[in-house]
Amino acid sequence: MKKTMGILTAAVFAAALTACGGNSAESTTAAPTTTAAAESEKKTEASAETTAAPAEMQKIVVGASPAPHAEILRAAKDVLAQKGYELEILEYVDYIQPNLALESADLDANYFQHLPYLESFNEENGTKLVSAASIHYEPFGIYAGKASSLDGLADGATVAVPNDTSNEARALLLLEAQGLIKLKDGADLTVTKNDIVENPKNLNLYEVEAAQIPRVVEDVDIAVINGNYAIEAGFKVSEALAVEDSESIAATTYGNVIAVREGHENDENIVALVEALTSDEVKAYIESTYEGAVVPLF
């Protein structure tokens, strides 16, 4: 009996040792596996963070009119992305809010206006906005009405021109550039029809509100139309009898600008924006898309 009890005790003791040994082995084996997984996960997370870091881009917010300005900005998005900037475009349908939003720093820049308008806005509203760069202009064109060419204009032909001061001046300068009239020496964007000193064809200037000129083209011999109104009316600038030259006083004066708050012209994000908008990619886009209705100034 004692011998039997001893054998049983030894067996139980051996079994107990075997069980503990098994648990110990499993724990010892499992622990490194869990640690390796955790380390691997940490490395993966660290790798993901390292990979994601360069992809984080600075945002630049620009206000613009829908066409062509917002369209041109969209064409510059990829170029800006390569420079590390995400471009957000806010579209405006009026000419007041985008300047107020820029002044209050809700925008980094805006793109919709020419310099004379910007300067006038500053004077009237006490804002301090400046041009960072001139990007494009929308040329005035002379369009055929009853006459099919400028050479064939009859004596006393009727020419529709805008009736407001700045636009009429542009029209007169364009007519002079075609040799149809001569203005007084030193003529600039303040000239009026009273400053015509030579009118060899005795042209009759028919003054009309600028936006209405496309509607009277068929009633006159030729008409001088603002670029934006011509586009809206379905006129192709490429089919105009003549257009403003990119180096003309009107083109350089009425170039559409990137406006910023005074003192921010050389900020890194603004410099990057201007570089993107004056890139070869954007120039090619403008030239192929607008067929002369929008002309790059770079």
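Everything here concerns the structure above.
These lines cover the structure that appears in this document, whether it is placed above or below. What you are looking at is a predicted structure, and each value in this text was computed from that prediction instead of being measured. (Residues numbered from 1 in each chain as written. Predicted model: local features only at pLDDT ≥ 70, side-chain atom pairs only at ≥ 80, totals over all residues. Heavy atoms only, no water.)

Details of the nonpolar core
Membership of the largest hydrophobic core comes to 42 residues, with the highest contact counts inside it found for Leu73 and Leu273. Here this core takes six residues from helix α10 (residues 268–277), the largest share from any one element. Counting 27 residues, the second-largest nonpolar core is a separate cluster that includes Leu153, Ala157, Ala169 and Leu203. (Core = buried A, V, L, I, M, F, W, Y, C linked by side-chain atoms within 4.5 Å. Buried < 20%, exposed > 50% of the residue type's maximum accessible area, 1.4 Å probe, protein only. Helix = DSSP H or I, 4+ residues; strand = E, 2+ residues; numbered from the N terminus.)

Re the packing of helix α2 (residues 66–75) against helix α11 (residues 280–290)
Two packed helices can be described by the angle between their axes and the distance between those axes. The contact between α2 and α11 brings their axes to 9 Å, and the two run at 135°. Classed by the angle they form, the pair α2 and α11 counts as oblique. Between α2 and α11 the crossing geometry is right-handed. On the side of α2, the interface is formed by Pro68, Glu71, Ile72 and Ala75, while α11 contributes Val282, Tyr285, Ile286 and Tyr290. Counted by class, the contact of α2 with α11 contains seven nonpolar, no polar and one charged residues. (Axes fitted to C-alpha atoms, helices over the stretch in contact; angles between N-to-C directions. Parallel < 35°, antiparallel > 145°, perpendicular 65-115°, else oblique. Left-handed = near helix turned anticlockwise from the far one by under 90°. Contact = heavy atoms within 4.5 Å. Nonpolar A, V, L, I, M, F, W, Y, C, P; charged D, E, K, R; others polar.)

Section: the pattern of salt bridges
Overall, the coordinates contain six salt bridges when judged by the stated rule. Residues Glu275 and Lys83 are paired through a salt bridge, measuring 3.0 Å at the closest nitrogen-oxygen approach. Here Glu275, found in helix α10, pairs with Lys83, found in the loop between α3 (77–82) and β2 (85–91); they are 192 residues apart in sequence, far enough to count as distant. The class for Lys83 is partly exposed, based on a relative accessible area of 35%. For Glu244, the salt bridge identified is with Arg170, shortest N-O distance 2.5 Å. On the criterion of sequence distance, the pair formed by Glu244 in the loop between β11 (242–243) and α9 (249–253) and Arg170 in helix α6 (residues 165–177) is long-range, its members being 74 residues apart. Taking relative accessible area as the criterion, Glu244 reaches 5% and is therefore assigned buried. (Salt bridge = Lys/Arg side-chain N within 4 Å of Asp/Glu carboxyl O.)

So, the sheet that holds strand β13 (residues 295–296)
The mixed open sheet is built from six strands, whose spatial order is β2-β1-β3-β12-β4-β13. In this open sheet, the two strands that pair with only one neighbour each are β2 and β13. Inspection of the sheet shows strand β3 (residues 109–114) paired to strand β12 (residues 256–261) by four bridges, in the antiparallel sense. Across the sheet, residue Asn110 finds its bridge partner in β12, namely Ala259. Across the sheet, α2 lies against β1 (58–64), β2, β3, β4 (129–137) and β12, angled at about 165° from β2, the strand it touches most. (Pairing = 2+ DSSP bridges.)

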